Amino acid sequence: MASFIQAFIDPKKNFLARIHMRTISTRLRRYGLRYDDLYDQYYHLDIKEAMNRLPREVVDARNQRLKRAMDLSMKHEYLSKDLQAVQTPFRGYLQEMLALVQREAKEREALGALPLYQRTLP
């Protein structure tokens, strides 16, 4: 069953997945975003921890992309076509660190240790 699901969502094997990926790519290019920019650090604490572990330059570049996208959205504009052409929406920077943080959390849970962080009300 898992192999069927993997084949179903693989853009190389499924025509609909290819169309979906192309659509997402086009929408992200319009604003100069990357797919990993869409992760919200306030939604899940693992994402926040992964963001804290990334180099400062990567986080600053992410913040600049988000600010530019919000500015373009408020102005009801898109990036120019030449800038859209050089965007790389699926070049990830967060996935490896997020996977590492999640593996560490599972390891701590397996060993019976307390979690590194707990959600608190603001």
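Bear in mind that the values here come from a model prediction, so they are computed numbers and not experimental data.

Conventions and cut-offs
- Residues numbered from 1 in each chain as written.
- Predicted model: local features only at pLDDT ≥ 70, side-chain atom pairs only at ≥ 80, totals over all residues.
- Heavy atoms only, no water.
- Helix = DSSP H or I, 4+ residues; strand = E, 2+ residues; numbered from the N terminus.
- Rg over C-alpha atoms; globule rule 2.2 N^0.38 Å.
- Buried < 20%, exposed > 50% of the residue type's maximum accessible area, 1.4 Å probe, protein only.
- Contact = heavy atoms within 4.5 Å.
- Areas by Shrake-Rupley, 256 points an atom, 1.4 Å probe, with all protein chains shown as cover.
- Core = buried A, V, L, I, M, F, W, Y, C linked by side-chain atoms within 4.5 Å.

Engineer: I'm lost on the overall build of the chain in this one. Help?
Structural biologist: A count of helical and extended segments in the chain gives six helices and zero strands. By the compact-globule yardstick of 14 Å for 122 residues, the chain is too spread out, its C-alpha radius of gyration being 18 Å. Its C-alpha atoms give the chain principal-axis dimensions of about 55 × 40 × 25 Å. In the chain, which comprises 122 residues, the share counted as buried stands at 22%. The long-range fraction of contacts in the chain, counting pairs at least 24 apart against all pairs at least 6 apart in sequence, stands at 70%. Accessible surface for the chain amounts to roughly 9500 Å². Of this, 58% is attributable to carbon and sulfur atoms.

Engineer: Explain the nonpolar core here, please?
Structural biologist: The tendency in soluble globular proteins is for nonpolar side chains to be buried as a group. Ranked by size, the top nonpolar core spans nine residues in total: I47, A50, M51, L54, V59, Y93, L94, L98 and V101. Looking at this core, the elements with two or more residues in it are α3 (45-53) and α6 (95-111). Per-element tally for this core: the top contributor is α3, with three residues.

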